[in-house]
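# Inside the fold
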Amino acid sequence: MINEQSELAVVENLAKTLKLPTVAAQAGPLSREAQAQGTSYLRYLAAVLEQELLHREEASLKRRLKAACFPVTKTLDSFDFSAVPSLSKTQVLGLARGEFIRRKENIILMGNTGIGKTHLAIGLATAACRQGYRVRFFAVPELVNELRAAYQENRLNRFIRQWLKYDLVVQDELGYVPFDQLSAQLLFQVHAARYERGSIIITTNLEFGQWVELFGDERLTAALIDRLTHRAHILVLNGESYRFRESLRRQGAKDASSVTG
């Protein structure tokens, strides 16, 4: 027993030196389990290393999700596709496999307010994180503020270099606030830099014909739309607002409670 404990201590120390914390933590429990089951040395070693790999993958995923800066946690599993009959669930789940990112294609989610565009965007981006892609989420007003600050502080080129390191950038809620001339030009500049070099997901409540109202310049707007829609998946969502439906459901439950009470 003493010899076994000494051997385990050596294994734990070696694992820590090699920066294999899960091997150090699991060597003892898995060794006892292997002895009880009569497992071969190689199978035991594979089990220990598998635990190390799983731990590293989980830690790496947590880092990617944190770096993505999602405002809330959303997955495609919790999206109610039945409430948006215009949307193809098969198409969305196909996009979730991430091939569009490898091909540097874009996704544009277009539809009414409150119908679930942000939920879909975060769900697709979360799936991308799970596949190892580097992702960054921006609300469009936040992106504009960061661009203006970078421009004023003479670090726009640095911002664009970082912008190009992401495999996927999500831009949420394009269409709620019009841009001044500088903001429109900066948005065009970063999109032009990213053209065919990385994927974008955009959510918007406006049809393309209305985008000129945001950017205030027909030629700039046309050039931006041309770049974004080239090799893009355009998903149009029609249906009743999710928040409105939830409000009606809660009101109905409240009324029913009042009647039974």
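The present account deals with the structure reproduced in this document. Nothing here was measured: the structure is a model prediction, and the numbers come from that model. (Residues numbered from 1 in each chain as written. Predicted model: local features only at pLDDT ≥ 70, side-chain atom pairs only at ≥ 80, totals over all residues. Heavy atoms only, no water.)

A word on the sheet that holds strand E2 (residues 135-139). Strand pairing in a sheet is mediated by backbone hydrogen bonds. Such pairs are either parallel or antiparallel. Sheet architecture is open: five strands sit in the order E2-E3-E4-E1-E5, paired in parallel fashion. Because the sheet does not close on itself, it has two edges, and the strands there are E2 and strand E5 (232-237). On average, adjacent strands in this sheet sit at an angle of 10° to one another, irrespective of strand direction. In this structure, strand E1 (residues 106-111) lies alongside strand E4 (residues 199-204), joined through four bridges in parallel fashion. Within E4, the residue paired with Met110 across the bridge is Thr204. (Pairing = 2+ DSSP bridges. Helix = DSSP H or I, 4+ residues; strand = E, 2+ residues; numbered from the N terminus. Axes fitted to C-alpha atoms, helices over the stretch in contact; angles between N-to-C directions.)

Another point: helix H9 (residues 181-194). Between its first and last C-alpha, H9 extends 20 Å over 14 residues, near the 20 Å set by a 1.5 Å rise per residue. Here H9 has its buried residues at Ser183, Ala184, Leu186, Leu187, Val190, His191, Ala193 and Arg194. Of the surrounding elements, those touching the buried residues of H9 are helix H7 (140-152), helix H8 (156-165), strand E3 (168-174), E4, helix H10 (211-215) and helix H11 (218-229). Phi turns positive, to about 60°, at Glu196, one or two residues after H9. (Expected span 1.5 Å × (residues − 1). Buried < 20%, exposed > 50% of the residue type's maximum accessible area, 1.4 Å probe, protein only. Contact = heavy atoms within 4.5 Å.)

It is worth spelling out the pattern of salt bridges at this point. Counted under the stated rule, the structure contains 10 salt bridges. Two residues, Arg155 and Glu153, come together in a salt bridge whose shortest N-O distance is 2.6 Å. One salt-bridge network, held together by shared partners, links Glu99, Arg102, Arg103 and Glu105. (Salt bridge = Lys/Arg side-chain N within 4 Å of Asp/Glu carboxyl O.)

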